[in-house]
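Survey of secondary and tertiary structure
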Amino acid sequence: MNYMAEDGFPYWKHFPIAVRRIKSGRHQELNFHNHHFSEIVLILASGGSLHWAEGKSFLLRRGDVLLLHPGGVHAYQNC
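By convention here, each chain's residues receive numbers from 1 onward along its written sequence. At least 70 in pLDDT is required for a residue's local features to be given in this predicted model, at least 80 for side-chain atom pairs to be given and counted, and no such filter applies to totals for whole chains, interfaces and linings, which use all residues. Water and hydrogen atoms were dropped before computing side-chain values, which therefore reflect all heavy atoms in the structure.

1. With respect to the side chain of glutamate 39
Elements are defined by DSSP. Helices are runs of H or I of four residues or more, strands are runs of E of two residues or more, and each kind is numbered from the N terminus. Note on placement: glutamate 39 falls in strand E1 (residues 39-42). Distance and chemistry together define a polar contact, namely a pair of N or O atoms within 3.5 Å, with one atom able to donate a hydrogen and the other to accept it when in protein, and with adjacent residues in sequence counting only for side-chain atoms on both sides. Engagement of the side chain of glutamate 39 in a polar contact is seen with the side chain of histidine 35, the distance being 2.6 Å. In terms of polar contacts, glutamate 39 uses its side chain to reach the side chain of tyrosine 76, at 3.3 Å. Whether two residues touch is decided by their heavy atoms; if any such pair falls within 4.5 Å, the residues are in contact. Each residue touching glutamate 39, except ones within four places of it in the same chain, is listed here: His33, Leu66, Leu67, Leu68, His74 and Tyr76.

In structure tokens:
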């Protein structure tokens, strides 16, 4: 199942929140994308992982929390 595919969430349109855990090594590299929903990202561990947004990269550290709003194009690297 594609972790980004909204149709992969059972009844997602009828429930206001979904939780997904992306295990280390399972995230597609530099897959630039956006959403029509907000995304909250909790960084549990990071070994040099980067978040790309607005043409800039940001080093991710354990404990970081990202709040990504609809329409913002972003991607991850070294996850």
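Moving on from the coordinates now.
2. Describing the nonpolar core
What is meant by a nonpolar core is a set of buried Ala, Val, Leu, Ile, Met, Phe, Trp, Tyr and Cys residues, joined one to another through side-chain atoms within 4.5 Å. Partly exposed residues are those whose accessible area sits between 20% and 50% of the maximum for their type, while under 20% is buried and over 50% is exposed, using a 1.4 Å probe and protein chains only. Listed in full, the six residues of the largest apolar core are Val41, Ile43, Leu60, Leu66, Leu68 and Tyr76. In this view, leucine 60 contacts Ile43, Ser46, Ser49, Leu50, His51, Leu66 and Tyr76; residues no more than four positions away in its chain are not counted.

3. Re unusual backbone geometry
Phi at leucine 30 takes a positive value of approximately 45 degrees, unusual for a residue other than glycine. Positionally, leucine 30 belongs in the segment before E1. Residue leucine 30 is classed as partly exposed on the basis of its relative accessible area of 36%. For asparagine 78, which is not a glycine, the phi torsion comes out positive at approximately 60 degrees. Tracing the backbone shows asparagine 78 in the segment after strand E5 (74-77). Residue classification places asparagine 78 among the partly exposed positions, given a relative accessible area of 43%.

4. So, the environment of leucine 68
Note that leucine 68 resides in strand E4 (residues 65-68). The exposure class of leucine 68 is buried, given its relative accessible area of 14%.

5. A closer look at the confidence of the model for the chain
pLDDT gives the predictor's per-residue confidence on a scale running from 0 to 100. For the chain, the average pLDDT comes to 82, and 81% of its residues sit at 70 or higher. Taken element by element, the chain is modelled with least confidence in E1, mean pLDDT 90, and with most confidence in strand E3 (residues 56-59), mean pLDDT 95.

6. Here's the deal with a nonpolar patch on the surface
Each patch is built from residues lacking any salt bridge and having more than 30% relative accessible area; the joining distance is 9 Å for like charges and 5 Å for nonpolar side chains (Val, Leu, Ile, Met, Phe, Trp, Tyr). Using the Shrake-Rupley algorithm and a 1.4 Å probe, accessible areas are obtained, with residue cover drawn only from the displayed protein chains. Should a side-chain nitrogen of Lys or Arg be within 4 Å of a carboxyl oxygen of Asp or Glu, the pair is scored as a salt bridge. A surface patch of nonpolar side chains, amounting to about 550 Å² of accessible area, comprises Ile40, Leu42, Leu44, Val65 and Leu67. Where the nonpolar patch is concerned, the elements lending two or more residues are E1 and E4. Structurally, leucine 67 can be placed in strand E4.

7. With respect to the side chain of glutamine 77
Relative to the elements of secondary structure, glutamine 77 occurs in strand E5. Within the local environment of glutamine 77, its side chain forms a polar contact with the side chain of tryptophan 52, the two groups lying 2.8 Å apart.

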